[in-house]
Amino acid sequence: MISVQSADFDVAAEYASLINNDVDAGAVVLFVGRVRELNLSRHVTGLLLEHYPGMTEKALEDILEEARSRWQLLRCRIIHRIGPLTLGDQIVLVGVTSPHREQAFAAAEFLMDYLKTRAPFWKKEMTEAGDHWVDAQEKDIASAQRWQ
Amino acid sequence: MIKVLFFAKLREQLGCEGIEMDAREVSTVAELRRQLIEQHPRWAASLDDRNLLVAVNQTLAKAEHPVGVDDEVAFFPPVTGG
């Protein structure tokens, strides 16, 4: 299931619904990305997340489908926040369950790598020196290429 | 008509969220980009950026991808979510 929302999310509640009534889910991997203060040696005070309504949801569905075709997954969850965020705020959650830990770890990493390079979100960073759009990182592109 | 959208840094550079284009003289993404620059010369530098991504009807597409009546075409910088 996918959500693109401005509201915060509750990791405990997401965990509970990932495992609810499922005794086959021997492995659960949850990843949460947060707004951190130091990015590429800039002191960040906040972020603004823009997205392309409609395409974002479609891109995330495609990424989930791709993960399901590669690994044995029981349940998947992606939440991505949009709008203004402040230091320490949660930005993104990826959760997967599987009978096997290797599958769950790999799928969660794949979902984050593909989300970062294929889903139409853009970050604008607020810093003491002013606001600017974040550039795409070579290392994120390289991480996503591992799966091809 | 073709609905053209711009996002993030590109939207700010152009000072425009989107416009409608006559579909009759445009058959590919590359031609659409050329037409946009022809009609808005001030946009040339921003729209010529080779790193820009394009989506046709909300799916990533290449320059030679066909476009036509009622299509939605979006131009945007490389994505930076997550």
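One structure accompanies this document, and this report is about it. Given the structure is predicted, the values throughout are model-derived calculations rather than measurements. Numbering of residues begins from 1 in every chain and follows the order in which that chain's sequence is written. Labels are handed out in written order, letters beginning with A for the chains and numbers beginning with 1 for the ligands. Confidence filtering applies because this is a predicted model: local features only for residues at pLDDT of at least 70, side-chain atom pairs given and counted only at 80 or more, and all residues used for totals across whole chains, interfaces and linings. Excluding hydrogens and water, the side-chain values take into account all heavy atoms of the structure.

1. Some words on the layout of surface pockets
Size it by volume and the largest pocket reaches roughly 920 Å³. Grid points spaced at 1 Å and placed over the protein atoms alone form the basis of the search, with a cavity being a set where a 1.4 Å probe fits but cannot get out and a pocket an open set showing protein on both sides within 12 Å along at least five of seven lines. Lining residues have an atom within 4 Å of a point. A:Lys116, A:Lys123, A:Gln137, A:Asp140 and B:Gly81 are, among the 40 residues lining the largest pocket, the residues nearest its centre. The numbering of helices and of strands both runs from the N terminus, where a helix is a DSSP run of H or I of at least 4 residues and a strand a run of E of at least 2. For the lining of the largest pocket, the secondary structure elements donating two or more residues are β2 (27–34), β4 (42–51), β7 (90–98), α3 (101–118), β8 (121–127) and α4 (138–145) of chain A. Considering only residue class, the lining of the largest pocket consists of 18 nonpolar, 11 polar and 11 charged. Grid points are joined across faces, edges and corners, and a volume is the space filled by probe spheres set on the points. What the second largest pocket holds in volume is close to 420 Å³. Considering the residues around the second largest pocket, the lining is formed by 15 residues, among which B:Arg33, B:Arg50, B:Leu52, B:Val54 and B:Ala63 are closest to the centre. Of all elements in the fold, only α2 (29–39), β3 (53–56) and β4 (59–61) of chain B reach the threshold of two or more residues within the lining of the second largest pocket. Only Asp, Glu, Lys and Arg are considered charged in this grouping, and only Ala, Val, Leu, Ile, Met, Phe, Trp, Tyr, Cys and Pro are considered nonpolar; every other residue, Gly among them, is considered polar.

2. A word on the packing of α3(A) against α4(A)
All names here are of chain A. Taken N-terminus to C-terminus, the directions of α3 and α4 make an angle of 130°; their axes are 9 Å apart at the nearest point. Considering the angle they form, α3 stands oblique to α4. Crossing angle aside, the handedness with which α3 passes α4 is left-handed. Contacts between α3 and α4 involve Asp113, Tyr114, Lys116 and Thr117 from the first element and Asp140, Ile141, Ser143 and Ala144 from the second. Simply put, an axis is a line fit to the C-alpha atoms, just over the touching stretch for a helix, and the angle between two N-to-C directions goes from 0 to 180 degrees. Just so you know how the angles are binned, under 35 degrees is roughly parallel, over 145 roughly antiparallel, 65 to 115 roughly perpendicular, and the rest oblique. By definition, turning the near helix anticlockwise from the far helix through less than a right angle yields a left-handed crossing, and turning it clockwise yields a right-handed one. Residues count as neighbours in contact if any of their non-hydrogen atoms are within 4.5 Å of one another.

3. Quick word on the pairing of strand β1 (residues 2–6) of chain B
Looking along a regular strand, one sees the side chains alternate between the two faces of the sheet. Residue and element names in this part refer to chain B. Most of β1 is tucked away: four of the five residues are buried. The rule for pairing is simple: two strands pair if DSSP sees at least two bridges between them. Judged from the four bridges that link them, β1 and strand β2 (residues 18–21) form a sheet pairing that is antiparallel. Across the sheet, the residue bridging to lysine 3 is glutamate 20, located in β2. Inspection of the sheet shows β1 paired to strand β5 (residues 72–76) by four bridges, in the parallel sense. Counted as the bridge partner of lysine 3 is glutamate 72 from β5. A simple rule labels every residue: compare its accessible area, found with a 1.4 Å probe on the protein chains alone, to the largest value its type can have, and call it buried under 20%, exposed over 50%, or partly exposed in between.

4. A short note on the interface of chain B and chain A
Opposite the 20 residues of chain B that make contact, chain A presents 25 residues. Roughly 1900 Å² is buried in total at the junction of chain B and chain A, and carbon and sulfur atoms are behind 57% of that figure. Take a side-chain nitrogen of Lys or Arg and a carboxyl oxygen of Asp or Glu: if they are within 4 Å of each other, that pair is a salt bridge. In this assembly, chain B and chain A are joined by two salt bridges. Its salt-bridge partner being A:Glu50, residue B:Arg11 comes within 2.2 Å of it at the nearest N-O pair. By the criterion applied in these results, polar contacts are pairs of N or O atoms within 3.5 Å in which, for protein atoms, one can donate a hydrogen and the other can accept it, and in which residues neighboring in sequence qualify only through two side-chain atoms. Applying the counting criterion to the chain B and chain A interface returns 15 residue pairs in polar contact (both at pLDDT 80 or more). For the side of chain B that touches chain A, the secondary structure elements donating two or more residues are α1 (8–14), β4 and β5 of chain B. Examining the composition of the side of chain B that touches chain A, we find that four residues originate from one element, α1(B), more than from any other. When two parts are brought into contact, each loses some accessible area as probed by a 1.4 Å sphere; the total of that loss over both is the buried area.

5. What about α2(B)?
Given 3.6 residues per helical turn, the α-helix brings residues three or four places apart onto the same face. Those residues of α2(B) that sit buried are B:Val29, B:Leu32, B:Arg33, B:Gln35, B:Leu36 and B:Ile37. Where the residues of α2(B) are buried, they touch β1, β2, α3 (44–47), β3 and β5 of chain B.

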